[in-house]
Amino acid sequence: MATKVIAIANQKGGVGKTTTAISLSACLAEKRKKVLLIDLDPQGNTTSGFGIDKNNVEYSTYDLLISDLKVDKCLIPTMQKRLKLIPSNVNLSGAEVELLDLENKEFLLKEKLEKPKKNYDYVIIDCPPSLTMLTINALVAADSVIVPIQCEYYALEGLSLLINTIDLVKERLNGKLKIEGVLFTMFDSRTNLSQAVVENVRDNLHQHVYETVIPRNVRLAEAPSYGMPITIYDSRSTGAEAYRKFAKEIIKSK
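Now for a description of the structure that goes with this document. (Residues numbered from 1 in each chain as written. Predicted model: local features only at pLDDT ≥ 70, side-chain atom pairs only at ≥ 80, totals over all residues. Heavy atoms only, no water.)

1. Considerations on the layout of surface pockets
Here the idea is plain: a probe the size of a water molecule rolls over the atoms and shows the empty space left. In this structure, the largest pocket encloses a volume near 330 Å³. Elements with a minimum of two residues in the lining of the largest pocket: helix H1 (17–30), strand S7 (178–187), strand S8 (209–215) and helix H10 (218–222). The element that contributes the greatest number of residues to the lining of the largest pocket is H1, accounting for four residues. Of the residues contributing to the lining of the largest pocket, the split by class is nine nonpolar, ten polar and four charged. There is about 180 Å³ of room inside the second largest pocket. Taken together, the elements giving at least two residues each to the lining of the second largest pocket come down to helix H4 (71–74) and helix H6 (108–113). (1 Å grid on protein atoms, 1.4 Å probe; cavity = no way out; pocket = protein on both sides within 12 Å on 5 of 7 lines; lining within 4 Å. Points joined across faces, edges and corners; volume = space filled by probe spheres on them. Helix = DSSP H or I, 4+ residues; strand = E, 2+ residues; numbered from the N terminus. Nonpolar A, V, L, I, M, F, W, Y, C, P; charged D, E, K, R; others polar.)

Dropping the structure here:
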């Protein structure tokens, strides 16, 4: 089965993007899939979400993009079997400037992944919360994009900008790119607002919307501060179960 490369993107912060990158990767690995998770966000939250000291890693996504280093050199094993990580830290924010003068700068990540991605069933890329050259690199390297959106009144704000960027990348740089789907996060079943947002988006957004809805869950929110994916931190929590269900949807759609 061919490798699937998925970018998780939304230029709006605080929508559960990194939680989704970590939890989906962990759940896919739990289902015996080989997964490579790439932290492409200079904040490095995906990296610290696995209990890794982001300021003390030997090589990061910065080194992968800027130097001649190969993917294998940058890999870090995680506590989740079958899941490997390429970490990130604040150095990556400098890559934006350094990439400006390079030829084919949009294709750097794609080229680096070309051979090593064959060793994995899934490559998941956690994008920065902005439409920068790093995000463009992720979109050029990806087969598809998952867009997490929070169940709130302004959920769709800025989404058209992201869709427009994805369309431009598809038109000019990566003809096979598609939006895999929109994932609702931080759903609060006690509020009418969450229900209304879900219904509104399902009715008005001309994109695939996943059946799975990720609930607002304390254990899910706590897991990163303990440096563990939810599958290990609290395997029986509603958050873990929701992401397992989501992973099933992703596997089914491959």
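Moving on from the coordinates now.
2. Considerations on the pairing of strand S6 (residues 144–150)
The buried count for S6 comes to seven of seven residues, which makes it a mostly enclosed element. Relative to S6, strand S1 (residues 4–8) is paired through three bridges, and the arrangement is parallel. Each residue of the ladder has a partner; that of Ala7, found in S6, is Val145. Bridge analysis of S6 against S7 gives seven bridges, and the strand direction is parallel. (Buried < 20%, exposed > 50% of the residue type's maximum accessible area, 1.4 Å probe, protein only. Pairing = 2+ DSSP bridges.)

3. Thoughts on the sheet that holds strand S3 (residues 76–77)
Across the sheet, which stays open at both edges, the eight strands sit in the order S3-S4-S2-S5-S1-S6-S7-S8 with mixed pairing between neighbours. The sheet is open, and its two edges are formed by S3 and S8, each paired on a single side. As defined by bridge partners, strand S2 (residues 35–39) adjoins strand S4 (residues 83–86) across four bridges and the pair is classed as parallel. Its bridge partner being in S4, Ile38 is matched across the sheet by Ile86. Across the sheet, helix H8 (residues 159–172) lies against S6 and S7, angled at about 175° from S6, the strand it touches most. On top of the sheet, helix H9 (residues 192–204) reaches S6, S7 and S8; it is set at about 170° to S7, its chief contact. (Contact = heavy atoms within 4.5 Å. Axes fitted to C-alpha atoms, helices over the stretch in contact; angles between N-to-C directions.)

4. Description of a nonpolar patch on the surface
Taken together, Tyr153, Tyr154 and Leu193 make up a surface patch of nonpolar side chains, about 380 Å² in accessible area. Take Leu193: it is sitting in helix H9. (Patch = residues over 30% accessible without salt bridge, like charges linked within 9 Å, V, L, I, M, F, W, Y side chains within 5 Å. Areas by Shrake-Rupley, 256 points an atom, 1.4 Å probe, with all protein chains shown as cover. Salt bridge = Lys/Arg side-chain N within 4 Å of Asp/Glu carboxyl O.)

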